Amino acid sequence: EQQQQVKVVSLPKDDVIDKNDKSETDFDLIRNNNAAAADEEDDESTDGNDDTDDDDNNNDTDDNEEESSVDEVPTPVWHMASDPDDSFERIFLTPEQKPKYKHFRDLGKGGPVNKGKGIKHFFNPICRHYRFDESRLPTVSVVITTQNEPDNWISITVESILARTPPNLLVDVIVVDDNGIPGHHGLPPNIRKNVDEAEWDYLKSLSPKVKVIQHDNREGCARSRLTGAKAATGEVLMFVDSHIEMESSTWYHHLAIPIVENPQTITMQTIDVIDDLGTKDYGAGAGPLQYGVVNDQFWFSYQVDRFGDYMEPLDPKDFTEEELAERRGFKYNAESPHLREPYETPFGPGSLFAIRRDEFWRLGGYDEGLYVWGGENTEMAFKMWMCGGRMLMVPCSRVGHMYRQHKEKDGRGALTRWPPTLPQEMTDRLGCAYKNETYTGRFIVLRHPADNFTRITTRNNLRIMETYVGDHPAKLAYYKRMFGQEKLMPEFQRFIDEWKVDPAAQKQVSLMKKNKCHDFEWWDKYVFMRLTGRHHPWHPHNGKYKQVNCGNHKAKTCQLCPQGNGRDWCNGDCSWCATSSKCFPAEEFTQKCMKAPKKAALEASMKAVIEAANMQKEKAGGIHLPPRERVKLPESMKDKPILTISVVLPCGFEHDYFIRTAESVFYETPAEILKEIVIVDDASAPPLEQSWSEAAAAEFGVKYVRLNEPA
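To keep things clear, this report deals only with the structure shown in the data block. Just so you know, these numbers come straight off a predicted model, no measurement behind them. (Residues numbered from 1 in each chain as written. Predicted model: local features only at pLDDT ≥ 70, side-chain atom pairs only at ≥ 80, totals over all residues. Heavy atoms only, no water.)

Helix and strand counts for the protein chain stand at 19 helices and 27 strands. If you take every contact in the protein chain between residues at least 6 apart in sequence, the share linking residues at least 24 apart comes to 75%. Summed over its atoms, the accessible surface of the protein chain is roughly 35,600 Å², and 51% of this surface lies on carbon and sulfur atoms. (Helix = DSSP H or I, 4+ residues; strand = E, 2+ residues; numbered from the N terminus. Contact = heavy atoms within 4.5 Å. Areas by Shrake-Rupley, 256 points an atom, 1.4 Å probe, with all protein chains shown as cover.)

In structure tokens form, the structure reads like this:
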């Protein structure tokens, strides 16, 4: 077994991928060769026999001509057997190989997972009755992308693939190291601090089929998968994360069957969750079968069933009350995904899917302008469905997956699981903080300043919207949901302007035209509505399922958010109006709440708030800090120039907490330094002065500024 050298590559920025466009794939050659062999057999069977009567020969010839004009009924590549097979226990390792696999796990009874119960019961038993003609299945290349992956997870992933995939079908396992190289492209020296460098050599020692490709810069999920796809030679590409575990020896067979039946198909595995806090154990039960969708923020999620609720009329004004009542009285049977057979789904996760290599390149691979994470799964789903293909979830192909959602510490220090830490070089390169040393904007998303990770994922999503949603009204609905208005702010509009001239983005637009793909309206009607029983969240006709975010829960409208809990349940997309004790949409708050309410309603509201504040005082045992001596200026500073400071405290509906905050600032700041404490009362009702009079507050250097409208 040869040791493979690590290959360092730099992806071209504007180069257009156009590889592996074979006029005849290996899989086609196999099919054509089989057909040719069948023709030869037919020729041999029709050789003349000298002892046969001429009339009989003529009749036989006529019969053969009739028979040859009819295509032979194809035999499926799989069938059912009476007895279950050993697909769960079977592995493809020789006695010499098995000891080398340090991290390969027994998933059966008595093994290390699920408290010794194993996970065999996660499978539908009928899955083990399948039998396959492997000579007619396409070969596969598995592409693994990895970044900041601790705890031997890459080894677990690679070993489970090598051990549970037939060697005659597995061509190669390509690991793309996307951690970057310190010093390259401005990356910091510690960019690989959580990488176990010895693991690469270990992976290559397992099999000559394992290849490692190392990026010198951080490229992200989509661009890393493109790197792996370019190097792959199998007829099918299988994309997986670097923290998974294949669960049976027929995981690939079940994914390949629908692809053989229809080459324009993406097949996806069913996920079982593995713990991410060190135990690497499975949950007590199998992962549920669900439909993949996206929510109104463009995040991938799942829907457990479909058609279980009444189908809402497009416009209730077209129906009488009696007709509407009758319509809503219809009882629809909820449909859940099939427990065995592959089922269609609008979207899927970003990895754990198989697709023919020639089909992947027909669709243009991924948009090379997608960086870090986010958008690659929605892009692939849109283009597959719009351009004549389909996406299937496969219940009999199960995989363990570790979601990186927690943090933990080990000998190498704190490990941030998710979201990943982004180097400043990358955010600046994409214009998400600075570009050419120029500040690029505030980036407000969902009414809050976005962190760097959210900025980049939003940038990716805007590219997908432009390419696949286009000028459909759904795009403006997305803008309003994310940014509070249909017109983009300059910092986000910059991404759209970049998309218009980016060769990578325009390549995708050209391929949509070349492949004669459908538009978003067609997709919503013939894919999303057909498969989920509802319109896409941004579609104008999705009124029945539109909800507002109340903070920690959702409701049909802001008015329904509180549910008797007052302002504590009025957050997110909504704002609480104390003067009327109502919950309003944030964009309507100023207009509706700041209108002068009736005097009685205002007095009642203020009285209720004051009573609540008094109860809080009694509970807390007072609103002031215990008196204490104020800190003094250090002797070493007394003869030096001193800058004074003004401390500004913006306060809105703070009850009495602001008082203790101001007092702590006063006590802990020397008199020579603290010039003043400015409390900005953000239209609180009642005003903050009612809790702490201006005269009493002045003793602590406080002065008030009150706003008439919330800022």
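We now examine the packing of aromatic side chains. Given two aromatic rings, one states the distance between the centres and the angle between the planes to describe the pair. Applying the stated criterion across every chain yields a total of 38 aromatic pairs. Each ring, one from Phe 347 and one from Trp 523, has its centre 5.5 Å from the other, and the planes form 65 degrees; the classification is edge-to-face. Note that Phe 347 is positioned in the loop between β12 (343-344) and β13 (353-356) and Trp 523 in helix α15 (residues 520-532), a separation of 176 residues in sequence. Given the relative accessible area of 0%, Phe 347 is considered buried. A centroid spacing of 5.0 Å and a plane angle of 75 degrees characterise the contact between Phe 360 and Trp 361, whose relative ring orientation is edge-to-face. (Phe/Tyr/Trp six-rings, centres within 6.5 Å; stacked < 30°, edge-to-face > 60°. Buried < 20%, exposed > 50% of the residue type's maximum accessible area, 1.4 Å probe, protein only.)

It is worth spelling out the nonpolar core at this point. Ile 355, Phe 360, Phe 382, Met 386 and Trp 523 are the most contacted members of the largest nonpolar core, which totals 68 residues. Looking at this core, the element that brings in the most residues is helix α11 (residues 452-469), giving seven residues. Phe 360 has contacts with Leu 226, Ala 229, Leu 237, Phe 239, Ile 355, Gly 365, Tyr 366 and Met 380, leaving out every residue within four places of it along the chain. Counting 44 residues, the second largest nonpolar core, distinct from the first, contains Phe 104, Tyr 202, Val 212 and Val 240. (Core = buried A, V, L, I, M, F, W, Y, C linked by side-chain atoms within 4.5 Å.)

With that settled, the discussion passes to unusual backbone geometry. Even without glycine at this site, Lys 115 takes up a positive phi of about 55 degrees. Residue position: Lys 115 is located in the loop between β2 (78-80) and β3 (130-132). With a phi angle near 65 degrees, Leu 352 is a residue other than glycine that sits in the positive phi range. You can see Leu 352 is positioned in the loop between β12 and β13.

This part covers the pattern of salt bridges. Counted under the stated rule, the structure contains 34 salt bridges. For Lys 475, the salt bridge goes to Glu 466, with nearest N and O atoms at 3.1 Å. Exposure remark for Lys 475: the relative accessible area of 9% places this residue in the buried category. Taking the relative accessible area as the measure of exposure, Glu 466 reaches 12% and is therefore buried. What emerges from the salt-bridge pattern is a single network uniting Asp 367, Arg 459, Arg 463, Glu 498 and Asp 502. (Salt bridge = Lys/Arg side-chain N within 4 Å of Asp/Glu carboxyl O.)

For the rest of this paragraph, the subject is the state of the cysteines. Taken as a whole and judged by the stated rule, the model has six disulfides. In this model Cys 127 forms its disulfide with Cys 396; the gap between the sulfur atoms is 1.9 Å. Measuring the twist about the S-S bond at about -75 degrees, one finds the Cys 127-Cys 396 disulfide to be left-handed. Residue Cys 127 is found in the loop between β2 and β3, and its partner Cys 396 is found in strand β14 (residues 390-402); the two are separated by 269 residues along the sequence. For Cys 127, a relative accessible area of 5% puts it in the buried group. Owing to a relative accessible area of 2%, Cys 396 belongs among the buried residues under this scheme. Disulfide pairing is shown between Cys 387 and Cys 517; the S-S distance is 1.9 Å. (Disulfide = S-S within 2.5 Å.)

We now examine the sheet that holds strand β27 (residues 702-707). Reading across the sheet, the three strands line up as β25-β26-β27 and stay open at both edges, with parallel pairing between neighbours. Two strands close off the open sheet at either side, each with one partner strand: β25 (645-651) and β27. Geometrically, the sheet is characterised by an average inter-axis angle of 20 degrees between neighbouring strands, direction not taken into account. (Pairing = 2+ DSSP bridges. Axes fitted to C-alpha atoms, helices over the stretch in contact; angles between N-to-C directions.)

A word on the pairing of strand β5 (residues 170-177). With seven of eight residues buried, β5 is to be regarded as a mostly interior element. Once the chain exits strand β4 (residues 140-146) it traverses helix α3 (residues 153-163) before rejoining the sheet at β5, and the crossover so formed is right-handed. Bridge count for β5 against strand β6 (residues 210-215) is five bridges, and the pairing is parallel. Residue pairing across strands places Ile 174 opposite Lys 211, the latter belonging to β6. In the classification by handedness, the crossover that spans β5, the intervening helix α4 (residues 198-206) and the parallel β6 is right-handed. (Right-handed = clockwise from strand over helix to strand, strands pointing away.)

What follows covers a negative patch on the surface. A cluster of acidic residues, Glu 321, Glu 322, Glu 323 and Glu 326, forms a negative patch at the surface. Looking at where Glu 323 falls in the secondary structure, it is placed in helix α7 (residues 321-329). What makes Glu 323 partly exposed here is its relative accessible area of 38%. (Patch = residues over 30% accessible without salt bridge, like charges linked within 9 Å, V, L, I, M, F, W, Y side chains within 5 Å. Lys, Arg positive; Asp, Glu negative; His and termini not counted. Charge placed at Lys NZ, Arg CZ, Asp CG, Glu CD.)

Looking now at the packing of helix α9 (residues 376-386) against α15. α15 packs onto α9 with a crossing angle of 100 degrees between their chain directions and a minimal axis gap of 10 Å. The angle between the axes of α9 and α15 places the two elements in the roughly perpendicular class. From α9, Phe 382, Trp 385 and Met 386 reach across to α15, where they touch Phe 520, Trp 522, Trp 523, Val 527, Arg 530 and Leu 531. Among the residues forming the contact of α9 with α15, the class breakdown is eight nonpolar, no polar and one charged. (Parallel < 35°, antiparallel > 145°, perpendicular 65-115°, else oblique. Nonpolar A, V, L, I, M, F, W, Y, C, P; charged D, E, K, R; others polar.)

Counting through the fold element by element, Trp 251 comes out in helix α6 (residues 251-261). Residue Trp 251 is classed as buried on the basis of its relative accessible area, which comes to 0%. For Trp 251 and Phe 88, which are 163 residues apart along the polypeptide, the C-alpha to C-alpha distance reads 9.6 Å. Excluding its chain neighbours within four sequence positions, the residues that come into contact with Trp 251 are Val 142, Arg 164, Thr 165, Met 238, Met 246, Gln 269 and Ser 397.

Bringing the side chain of Glu 245 into the picture now. As for its placement among the helices and strands, Glu 245 is situated in strand β8 (residues 244-246). Only 2.8 Å separates the side chain of Glu 245 from the side chain of Arg 105, close enough to count as a polar contact. A distance of 2.8 Å separates polar atoms of two side chains, one belonging to Glu 245 and the other to Tyr 282. If near-sequence neighbours (up to four positions away) are discounted, Glu 245 is found in contact with Arg 105, Leu 107, Ile 156, Ser 160, Arg 164, Ile 274, Tyr 282, Val 399 and Gly 400. (Polar contact = N/O pair within 3.5 Å; in protein donor to acceptor, adjacent residues only side chain to side chain.)

Moving on, we get to the side chain of Asn 461. Its location among the elements puts Asn 461 in helix α11. When neighbours within four sequence positions are excluded, Asn 461 is seen to be in contact with Gln 297, Phe 298, Gly 375 and Tyr 478.

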